[in-house]
Each structure stands twice: as C-alpha cells, then as structure tokens.
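# Descriptive structure summary
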Amino acid sequence: MNNPFKLLGISDDVVNAVKDLGFESPTPIQEQAIPVLLEGNNDFVGLAQTGTGKTAAFGLPLIELIDFKINKPQALILCPTRELCLQITSDIKNYSKNTPGANVVAVYGGANIMQQLREIRNGVQIVVATPGRMLDIIGRKAIDFSSVKYVVLDEADEMLNMGFQEDINDILSTTPDDKKTWLFSATMPPEVRRIAKNYMDNPTELTMGTKNAGNVNIEHEYYLVRARDKYAALKRIVDFNPEIFAVVFCKTKLDTQDVAEHLIKDGYNADALHGDLSQQQRDKVMQRFRDRNMQLLIATDVAARGIDVNNVTHVINYSLPDEIESYTHRSGRTGRAGKTGISICIINTKEVGKIRQIERIIGKQFTKAELPTGFDVCEKQLFSLIHKVQNVEVNESQIEQYIPRIMDEFAELSKEDIIKRFASLEFNRFLEYYKNAPDLNAAAGDDRGERGVRGERTERGSRGSDGYTRLFINLGSVDDFTRGDLLSFVCNNGKISGKSIGKIDLKGVYSFFEVENDTVDSLFTNFKEVQFNNRGVRIEKSGDAPVSSERGGERRSSGGGGGYGGGRREGGGGERKSYGGGNRREGGNAGGGFRDFSGRSRDDKAGSTGGKREGSGERRRRS
Ligand code: AMP
C-alpha cells in the first residue's frame, strides 16, 4: 500500500507503470531528486552516473508536473545521441503509459524528419531530442516552444564534448525565460559548471557519490602488455571469462572495425558499432547486442554513448580514451542498475601515467591485473564446460530414444573413462591453442618498460641485449611466480641488484631473464646450491641458436621443470602471430581463436554447448 514511489509524491498511474517495469523502490538518485523536482519551481543540477536510474529521477516528476490536457510542448529533454534519445523516449512512454493524453516524441538525426514533424503536429507535451535535429526543426518553424516549462539537459558533459554548446544555446533561446532547467551530468568539468552558471538560477545541486566519481559497483583493472600483444591480450581476457558480455572500446572507427573483424575471423561472437555504419546497421548491431545474440560489442566512444544495456559484465578499454573524462562514460556501461561490473584497460608501459590520472578523476584505484597463462585459460574453460554440463536442461522425451544405443556404445567404458574422453573433446583443443601461449604481461614501471623494449629485440633471438646475457631458469608461472617474484628470487639468491636485471620473460615451466654481462659469473656461483620447493634450481646461458619466440623455449624446457604440459612442445606461438605484430592471421584457423577450442567449426556448432563465439555467418542466441 505504501509504495515507496507514492511516498515520494508520485501518482498512482505512474506508480503502477513503474511497478510493471519491476521498479520496487527508488534508486538513491530518485529518492533524492524526485521530491525536489516535484516542487517544480527550481533549477537543478544532478551529478549522476549513467545507470543510476536518472531517467526516472527526472522523468517521473516531469510526468507529474505536465498538464496533459494541453497538447503543446511543455518539456524538452536534450541528450547527446540518438540511442539515448530513443531510450529516454521509450522510458518516458513506459512511465506514462497509464497517464491519459500523454504524448512523447523522439527527435533525432538519421531518421525520417517528416515522420517526426507529423508527430509534433499531432500534438506532444514532451520532446526528447538530439541538438542537431532539434535545431533543424526549429529552423523550419515547425515547433512552438512558448509553453515549455522544463528543459532537461541530460549527459550535459557529453553534449559539450560533442561540440553541441552553440546548438544548445540556440535551442534554449527559443524557450521561455521562466522555464526551469534541470541538468544531469556524469562529470562536472568547468564547461558544464559554466552552463549551470549561465542558464540557471541558484540551482539545487545533488551529487550522487563523489563528484566525477565512477559507479561504486564497478571494479577497475589494468593489464600491462606490449603494444603488439594487445589483441592477443584481449582474446586471452575474453577466453578467461567464458560468460563475458562486454563492450570493447577503441579510439577510432578504423580500429573498431579492425578489431571486430579479427575477432569475428577468430570465431568470436562480436560486431562493430561506429559512425561509418548506416543508422540501420547500427540499430541492427545494437538489437543483437541487447538480445544477447552477440557477446562482444566493439565500439567507438561516440557510437556507444547512450547504450543502455543491462548486465554488461565487462567494459574493455582496448585503447584509452583521449579525453580522460570519457573513461567514466565508458565504464558506466557496466555495473548498471545495482549490478556489479569490471572495467578493464589494456595498456602499454607508457600509459601507466594516464591510469593514475583516471584514478584521480574517478576517485578509485585500479588493480594491476596479470593476464592469465594459457594453462589458467584452459582450466577455466574446462570447468566452465563442466558447469554447463551440470546445468544443462535435458530434454528427456527427445533424448530417451537414443539412450539404449548410446549406452551400448559406451558399454565397454567406465564412468571415469567416459568423463575423461568427453572432457578431452573440448580440452584437447584448448591445450592445442594455448600450448605455446606466451606470457603477455609486460614489465611495469618506466624502467621495467625499458627492459621490455630491450627484450622485444631479444625475443627474436636468444642473445641478450647489448651488455646483457640472456639466461634460462627452470622456474616459471607454474611455480606461482610472477615476473616480480622471479626478479626478487634471482636478486636475493644471486646476490645482485635489481638494476642488473634486464628483460624478464616469464613462461610456464621455465623463464628467461637478462643480466648484465659482468654479473653472470657471480650469479652462477651463487646459484649453485639454490633450491626451490626441494627442487634444484637450474640457470643456464640460453645459447646462441635463435629462439623463435615460444617454440625454442618450449623445447628448451623439455629436460627440466616438469609440471604441466609435458606434451605441449610442438608448434609455434600462434597467438602472437595472429595480429598485433602487424602480421594479420593468414587464413584458416592456425593459431586462431576460440573456435578451435570449442571443437566446433562454424557449421557444426549448432546444438553444441555454449552458443558463444559463433562466427559472423552463424549467430545464435545464447542459451
Ligand atoms: P538510467 O540511469 O536511467 O539509464 O537507468 C539504468 C537502468 O536502471 C535502467 O535499465 C532502468 O530501467 C533501471 N532502473 C531505473 N530505476 C530503477 C528502479 N527504481 N528500480 C529498478 N531498476 C531501475
């Protein structure tokens, strides 16, 4: 009876409408903003992230304040993008579905203007518009804003970023002086502050969370990789998160298209969203993403603005935005409506400074994450498969007829054998792809970064960089070593300073590292008796034979270390070759993505377990 929206002053018709949408109680911004806005006599500034429920925070009071008996525009909502415009329009239509006489129109570019003009002529009270098209319609003298009482500037910072300042000025000049202006913005740069000052009279200000802060439900992580390993790193992150449903941000349209094309070629269920696509194409892509027929949406900042898709698990910054402020908007695509989300940046060593700047703006710290090893990915995928088996819905009536024959086929096999074989069906393919997967983590910090650069040269051959000798050690990530651990281990036991160590190349059962030439002898002497977990630690010069990336290294390891993957020693490091180094993948699946692992070609996937990573030609609904 005492519905919390009703307690805030919302009428029954609207309360019932939001109940139908599943809104049981107001979000914090709604709780605070609705009573203030319902008074209807003040300007307002709301600092709120996208995903906090701000559309209802201003939408519900607007519906209460407008006189729907009068068929004239009384509220104008300006927002930066067509997507957001459509979203707001649809939300407000939903909120007002029980309100007699309520008419809302969406005015945006890239769509038939005649239809929009017709709707306006038929009479509307709430106009939701992007600035460009709105000005066009004003220019045609096709709308009368003399009755406008409320103007909402939604995502004001984005509108300014997109250069709409002049347009906004022109539009607002056609509205009455005594209207009230409500401004919402995720961030509060000086330009937005200026708008607030110029257009508003002593506005009530509400801040949800800290100013410019990101959503509290979002965790922020960064992965440090060499620039050329970026694409491989992206794939590895995706592979390590079998249930990922993500927006991947690139800086340019070209990058967006390029990354999407490579992912599709590699068998991932991905597509691009950018400004070079026609509106129809963009709508199609968005619809597929909304319906979860696609797992990875690769987008530019502009195209992704206003995307309101719930349950996005990750935002991946394939490249950092030029405007640091844009990071808040990007990350706001996840962690919506009370859900949690992870925002990931894939960066090179030169970009760590930018991460620190972002930290200052969002008031939250990033976690430096390590890219999982090939082994980790295999394990994760294997158990994801096992869990799918546990949870799969069995169609008893359909499968029943085959059971006797299946039992017959398996008659000779024990339960354990069947399980092993069944799991291997997928697992072998994972191992095949990741058998030589390189460590993609780059060294942290500027000095470590330089080591990385030096190391890049040496990866193509086994000689150390100038003044350095490249050494083999029979310890690696399977011993739970990170690069930092290995650095301390070598320094402590070899009694040398960290400064004497060059590039560290952490592998699975072994690693390589460089040391200054004049410390090599003492290092060997000091390492004579060193043990790790009751195992002798072996250090050797890595020899002069060219080490072709992972391949030579793997062979090298055959004598020592043991641990995982005894049979993983043929073939090249497909992952590295696949993209970043300028070498596009040449045809086929060699070294390529996930499709290989799934054990499914594009043609034989239908009916198999996941429904993820379908190629571009065959996209199925998940689950
Ligand atoms: P917004 O910030 O307006 O884009 O809203 C983000 C998401 O939260 C949308 O999917 C809304 O439908 C949803 N939402 C808004 N208010 C509520 C509420 N009170 N309860 C549950 N979900 C809400």
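Higher on the page you've got the structure.
Overview of the structure. (Residues numbered from 1 in each chain as written. Predicted model: local features only at pLDDT ≥ 70, side-chain atom pairs only at ≥ 80, totals over all residues. Heavy atoms only, no water.)

## As for the site of the ligand
- For the ligand, the set of nearby residues contains 15 residues, the closest of which are Ser 25, Gln 30, Gly 51, Gly 53 and Thr 55.
- At 2.7 Å from an oxygen atom of the ligand is found a main-chain nitrogen or oxygen belonging to Gly 53.
- Coverage of the ligand by the protein chains reaches 83% of its 490 Å² of free accessible surface.
- For the shell around the ligand, a count of residues per class yields four nonpolar, eight polar and three charged. (Near = heavy atom within 4 Å. Polar contact = N/O pair within 3.5 Å; in protein donor to acceptor, adjacent residues only side chain to side chain. Areas by Shrake-Rupley, 256 points an atom, 1.4 Å probe, with all protein chains shown as cover. Nonpolar A, V, L, I, M, F, W, Y, C, P; charged D, E, K, R; others polar.)

## A short note on helix H12 (residues 253–265)
- Across its 13 residues, H12 extends 18 Å between first and last C-alpha, which sits within 8% of the 18 Å expected from 1.5 Å per residue.
- Thr 256, Asp 258, Val 259, Ala 260, His 262, Leu 263 and Ile 264 are the residues of H12 that are buried.
- Looking at the buried positions of H12, the neighbouring elements they touch are helix H11 (230–240), strand S10 (270–273) and strand S11 (296–299).
- Phi for Gly 267, located one or two positions after H12, is positive at around 90°. (Helix = DSSP H or I, 4+ residues; strand = E, 2+ residues; numbered from the N terminus. Expected span 1.5 Å × (residues − 1). Buried < 20%, exposed > 50% of the residue type's maximum accessible area, 1.4 Å probe, protein only. Contact = heavy atoms within 4.5 Å.)

## A short note on the sheet that holds strand S15 (residues 468–473)
- A sheet is described by the order of its strands in space; here four strands give the open sequence S16-S17-S15-S20, paired in antiparallel fashion. Looking at strand neighbours, the two that pair on one side only are strand S16 (501–506) and strand S20 (539–541), the edges of this open sheet. Sheet twist, expressed as the mean angle between neighbouring strand axes with direction ignored, is 25°.
- Its contacts with the sheet put helix H22 (residues 483–494) on S15, S16 and strand S17 (511–516), and the angle it makes with S16 is roughly 130°. (Pairing = 2+ DSSP bridges. Axes fitted to C-alpha atoms, helices over the stretch in contact; angles between N-to-C directions.)

## Examining the state of the cysteines
- Considering all chains together, one arrives at zero disulfides under this definition.
- Sulfur of Cys 79: no disulfide; nearest cysteine sulfur belongs to Cys 85 and is 4.7 Å away.
- Assessed through its relative accessible area of 0%, Cys 79 is described here as buried. (Disulfide = S-S within 2.5 Å.)

## A look at the pairing of S10
- Of the two faces of S10, the one lined by Ala 270 and Ala 272 and the one lined by Asp 271 and Leu 273 are each fully buried.
- Pairing of S10 with S11 involves four bridges; the strand directions are parallel. Looking across to S11, one finds that Ala 270 is bridged to Leu 296.
- With helix H13 (residues 279–290) bridging S10 and the parallel S11, this β-α-β connection has right-handed handedness. (Right-handed = clockwise from strand over helix to strand, strands pointing away.)

## Quick word on the sheet that holds strand S4 (residues 126–129)
- Read from one edge of the open sheet, seven strands run S3-S4-S2-S5-S6-S1-S7, paired in parallel fashion. Of all strands in the sheet, those with a lone pairing partner are strand S3 (104–107) and strand S7 (204–207), marking the two edges. Across this sheet, the average inter-strand angle for adjacent strands is 15°, counted without regard to direction.
- Bridge count for strand S2 (residues 75–78) against strand S5 (residues 150–153) is four bridges, and the pairing is parallel. Bridge pairing in S5 links Ile 77 to Val 152.

## Observations concerning the environment of Leu 234
- Tracing the sequence through the fold places Leu 234 in helix H11.
- In this structure, the C-alpha to C-alpha distance between Leu 234 and Ile 316, residues 82 residues apart in sequence, is 8.3 Å.
- Setting aside residues no more than four positions away along its own chain, Leu 234 makes contact with Val 248, Val 259, Leu 263, Ile 316, Tyr 318 and Ile 346.

## Considering the pattern of salt bridges
- Overall, the coordinates contain 21 salt bridges when judged by the stated rule.
- Close ionic contact of Asp 154 with Lys 54 constitutes a salt bridge, the shortest N to O distance being 3.0 Å. Linking Asp 154 in the loop between S5 and helix H8 (156–161) with Lys 54 in helix H4 (residues 54–65), this pair joins segments that are 100 residues apart in sequence. Both residues of the pair, Asp 154 and Lys 54, belong to the buried class.
- With a shortest N-O distance of 3.9 Å, Asp 505 and Arg 470 are connected by a salt bridge. (Salt bridge = Lys/Arg side-chain N within 4 Å of Asp/Glu carboxyl O.)

## Re the pairing of S2
- Burial along S2 is two-sided: Ala 75 and Ile 77 facing one way and Leu 76 and Leu 78 facing the other are all buried.
- Bridge analysis of S2 against S4 gives four bridges, and the strand direction is parallel. Following the sheet pairing, Leu 76 is matched in S4 by Val 127.

## Quick word on the packing of aromatic side chains
- Scanning all chains against the criterion turns up 12 aromatic pairs.
- Ring plane angle 50° and centroid distance 5.6 Å describe the contact between Tyr 327 and Phe 366, whose orientation is recorded as tilted. Separated by 39 residues along the polypeptide, Tyr 327 in helix H15 (residues 326–331) and Phe 366 in the loop between helix H16 (352–362) and strand S14 (367–369) bring together distant segments of the chain.
- One aromatic cluster is present, formed by Phe 481, Phe 489, Phe 527 and Phe 532 through successive ring pairs. (Phe/Tyr/Trp six-rings, centres within 6.5 Å; stacked < 30°, edge-to-face > 60°.)

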